[in-house]
Amino acid sequence: VVSAVTEENTMIVEASEGISLLANSEEEHDHDHDHDHDHDSEDSHSHGDEDPHIWLDPIRAISMAENILHALVEQQPENEEYFQANFDELKGDLEELDAAFHEGIENSELDTILVSHAAYGYWEERYDLHQLAVAGLSSTDEPSQQELAQIIQTARDYNIDTILFDTTSTSTVAQVVQTELELNVRYLHHLSTIRDEDAGKDYFDLMYENLDVLKEVLNP
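Residues numbered from 1 in each chain as written. Predicted model: local features only at pLDDT ≥ 70, side-chain atom pairs only at ≥ 80, totals over all residues. Heavy atoms only, no water.

Asker: Whenever I open this one, the packing of aromatic side chains confuses me. Can you help?
Answerer: The geometry of two aromatic rings is summed up by the distance between their centres and the angle between their planes. A complete count under the given rule lists 6 aromatic pairs for this structure. Residues Y82 and F83 carry aromatic rings whose centres are separated by 5.7 Å and whose planes lie at 55° to one another, so their mutual orientation is tilted. Judged by its relative accessible area of 52%, Y82 is exposed. Accessibility expressed as a relative area gives 12% for F83, which makes it buried. Aromatic side chains F101 and W123 sit 5.4 Å apart centroid to centroid with 45° between the ring planes, which places their arrangement in the tilted category. Of this pair, F101 sits in helix α3 (residues 80–106) while W123 sits in helix α4 (residues 121–127), placing them 22 residues apart in sequence. Judged by relative accessible area, F101 falls into the buried class, the value being 0%. Feature note: the residues F101, Y120, W123 and Y127 constitute an aromatic cluster, connected by ring pairs. (Phe/Tyr/Trp six-rings, centres within 6.5 Å; stacked < 30°, edge-to-face > 60°. Buried < 20%, exposed > 50% of the residue type's maximum accessible area, 1.4 Å probe, protein only. Helix = DSSP H or I, 4+ residues; strand = E, 2+ residues; numbered from the N terminus.)

Asker: I keep staring at the side chain of E124 and nothing clicks. Help me out?
Answerer: Among the structural elements, E124 can be located in helix α4. Look at E124: it is buried, it has no salt bridge, and the nearest opposite charge is R60 at 11 Å. Separated by 3.2 Å, the side chains of E124 and H130 make a polar contact. (Lys, Arg positive; Asp, Glu negative; His and termini not counted. Salt bridge = Lys/Arg side-chain N within 4 Å of Asp/Glu carboxyl O. Polar contact = N/O pair within 3.5 Å; in protein donor to acceptor, adjacent residues only side chain to side chain.)

Asker: Can you walk me through the sheet that holds strand β2 (residues 130–135) in this structure?
Answerer: The strands making up a sheet associate through backbone hydrogen bonding, with each pair oriented either parallel or antiparallel. The sheet built from 4 strands is open, its strands ordered β2-β1-β3-β4 with parallel pairing. Strands at the two margins of the open sheet, each flanked by one partner only, are β2 and β4 (184–188). If you compare each strand with its neighbour and ignore which way they point, the axes differ by 35° on average. Both strand β1 (residues 112–117) and β2 contribute to a ladder of 5 bridges, which runs parallel. (Pairing = 2+ DSSP bridges. Axes fitted to C-alpha atoms, helices over the stretch in contact; angles between N-to-C directions.)

Dropping the structure here:
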């Protein structure tokens, strides 16, 4: 996309500029996780990728919006007051969302979710939530047979009764786990793509829907 518009005198804004990104530590394949919220393990390994799902963290989303604000002001300095007012309102909404996630997740009975896709690392960091994931950062990054067996055993050890599929796709391997363990199915929206069914919903609608699902699953 960038190369296609370079000749069009178009400003390119990297919304994630200056924002710390999480490394892909593949914690979803760490099966020595204790129930004491300690997520560090010598068994985790990295593919060297960075987790791109920064928009799922409301605080990082504020920084993204601020980068966009500065770019807009640079383009139209005469409208700085208007842009700033909109940013201030958005920042307040994002801070309110962050507070709701803290309250909803950190006061829950459980701290671990079984997900089909490791898209929720920023929730792990921000809200002390652990994701046990079938696939890696890419939904096509599927586990080996040994890793799959470990995931199934860990889910049994945790007495997990629900698997959280992505709203936009469901891998065959995740379906195998669901069938093997006879799990309930709920859905999370990682907001990477928007479906026709999401028409009329904004970021906050989808994020609060995610929070409702998390609260239900973490408080069986």
